[in-house]
Amino acid sequence: MEWLQNILEIDKELFLSLNSLHNPFWDTIMLMVTRKETWIPFFAIILFFIIKNYRSKALPIMIILALAILFSDQVSVLIKDFVQRFRPVHDPAIGPLVHNVLRKGSIYGFVSSHAAHSFAIFVFTSRLFKNRSYYFLILFWAVLFSYSRIYSGVHYPLDILGGAVLGWIIGVGCYKLLVLV
């Protein structure tokens, strides 16, 4: 298990390096980016295009998208409770070194629910819309939204990667469910 300890140490070092790149301007920006409420207009636009482009199938699509978000949320919380890896702000080894924006969150952080949600939305909707410009826009959003959690001091890079993989799997699964409906 020495290899795992080495990976976790590299993860901590990478986190501390990324988290140390802060200033008051970016604190304000990342505070807005990390808050889900900031993105309500963005989500409303996605729902608008689902309704506009898929009129009669819009309701099943929105229900399955909601299930993707719900499932990514619940599974990520179950994984956090099972793995029990401290968030950086709660890690006794590095907690005092962490630049925290907003709040500290619950004690455990692997996997990131923000990353799981955003990548589930990214994968599901990019497959739904099949538009290259949309794909890159929503990917940028998912990465930025996820990175804001490292900047905010509440997730390690591996927490984000784990959440992104979980969200990707759930997004693909929900899209396949949609195809069956």
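Quick caveat, the model's predicted, so the values are computed rather than measured. (Residues numbered from 1 in each chain as written. Predicted model: local features only at pLDDT ≥ 70, side-chain atom pairs only at ≥ 80, totals over all residues. Heavy atoms only, no water.)

Draft legend 1. Geometry of the overall build of the protein chain. Looking only at helices and strands, the protein chain features 7 helices and 0 strands. If you line up the protein chain on its principal axes, its C-alpha atoms span 55 × 40 × 25 Å. With 181 residues in all, the protein chain has 44% of them scored as buried. Within the protein chain, residue pairs in contact and separated by at least 24 positions form 78% of the contacts whose partners lie at least 6 positions apart. Accessible area of the protein chain: about 10,000 Å², with a carbon and sulfur share of 71%. In the protein chain, which carries 16 positive and 10 negative side-chain charges, the distance between the mean positions of the two groups comes to 17 Å. (Helix = DSSP H or I, 4+ residues; strand = E, 2+ residues; numbered from the N terminus. Buried < 20%, exposed > 50% of the residue type's maximum accessible area, 1.4 Å probe, protein only. Contact = heavy atoms within 4.5 Å. Areas by Shrake-Rupley, 256 points an atom, 1.4 Å probe, with all protein chains shown as cover. Lys, Arg positive; Asp, Glu negative; His and termini not counted. Charge placed at Lys NZ, Arg CZ, Asp CG, Glu CD.)

Draft legend 2. Summary view of the nonpolar core. Grouped together as the largest cluster of nonpolar side chains are 36 residues, with contacts concentrated most on Ile 46, Ile 50, Phe 124, Leu 128, Ile 138, Trp 141 and Leu 178. Of all the secondary structure elements, the ones that give two or more residues to this core are α2 (24-34), α3 (40-53), α4 (58-83), α5 (113-129), α6 (132-151) and α7 (157-180). Residue contributions to this core peak at 9 residues, all from α5. Ignoring any residue separated from it by four or fewer positions in sequence, one finds Phe 124 in contact with Ile 61, Ile 64, Leu 65, Gly 171, Cys 174, Tyr 175 and Leu 178. (Core = buried A, V, L, I, M, F, W, Y, C linked by side-chain atoms within 4.5 Å.)

Draft legend 3. How the structure looks around α6. Here α6 is 20 residues long and its end C-alpha atoms lie 28 Å apart, about the 28 Å a rise of 1.5 Å per residue gives. Here α6 has its buried residues at Tyr 134, Ile 138, Trp 141, Ala 142, Phe 145, Ser 146, Ser 148, Arg 149, Ile 150 and Tyr 151. Contacts from the buried residues of α6 go to α1 (2-19), α2, α3, α5 and α7. Capping of α6 at its N-terminal end is provided by Asn 131; its side-chain oxygen lies 2.9 Å from the backbone amide nitrogen of Ser 133. Within two residues after α6, Gly 153 carries a phi angle of roughly 85°, on the positive side. (Expected span 1.5 Å × (residues − 1). Polar contact = N/O pair within 3.5 Å; in protein donor to acceptor, adjacent residues only side chain to side chain.)

Draft legend 4. Summary view of the pattern of salt bridges. In total, this model carries 4 salt bridges according to the counting rule given. The shortest N-O distance in the salt bridge between Asp 11 and Arg 85 comes to 2.8 Å. With Asp 11 in helix α1 and Arg 85 in the loop between α4 and α5, this pair connects stretches of sequence that are 74 residues apart. For Glu 37, the salt bridge identified is with Arg 35, shortest N-O distance 3.3 Å. By relative accessible area, Glu 37 is classed as partly exposed at 47%. Judged by its relative accessible area of 35%, Arg 35 falls in the partly exposed class. Among the charged side chains, a salt-bridge network with shared partners connects Asp 11, Arg 85 and Asp 159. (Salt bridge = Lys/Arg side-chain N within 4 Å of Asp/Glu carboxyl O.)

Draft legend 5. Quick peek at a nonpolar patch on the surface. On the surface, Leu 59, Ile 63, Leu 67, Leu 70, Leu 177 and Val 181 cluster together into a nonpolar patch covering about 550 Å² of accessible area. The element that contributes the greatest number of residues to the nonpolar patch is α4, accounting for 4 residues. (Patch = residues over 30% accessible without salt bridge, like charges linked within 9 Å, V, L, I, M, F, W, Y side chains within 5 Å.)

Draft legend 6. Expanded view of the packing of aromatic side chains. Within this structure, the stated rule accounts for 17 aromatic pairs. Ring-pair connections join several aromatic residues into one group, and the members of that group are Trp 39, Phe 42, Phe 43, Trp 141 and Phe 145. It is Arg 85 that lies over the ring of Tyr 156; its NZ or CZ is 4.0 Å from the centre. (Phe/Tyr/Trp six-rings, centres within 6.5 Å; stacked < 30°, edge-to-face > 60°. Lys NZ or Arg CZ within 6 Å of the ring centre and 35° of its normal.)

Draft legend 7. Structural view of the environment of Phe 124. Within the fold, Phe 124 resides in helix α5. Overall, the relative accessible area of 0% leaves Phe 124 in the buried class. Spatially, the C-alpha atom of Phe 124 lies 9.2 Å from that of Ile 64, the residues being 60 residues apart in sequence.

Bear in mind that shape data such as this cannot, by itself, settle questions of function.
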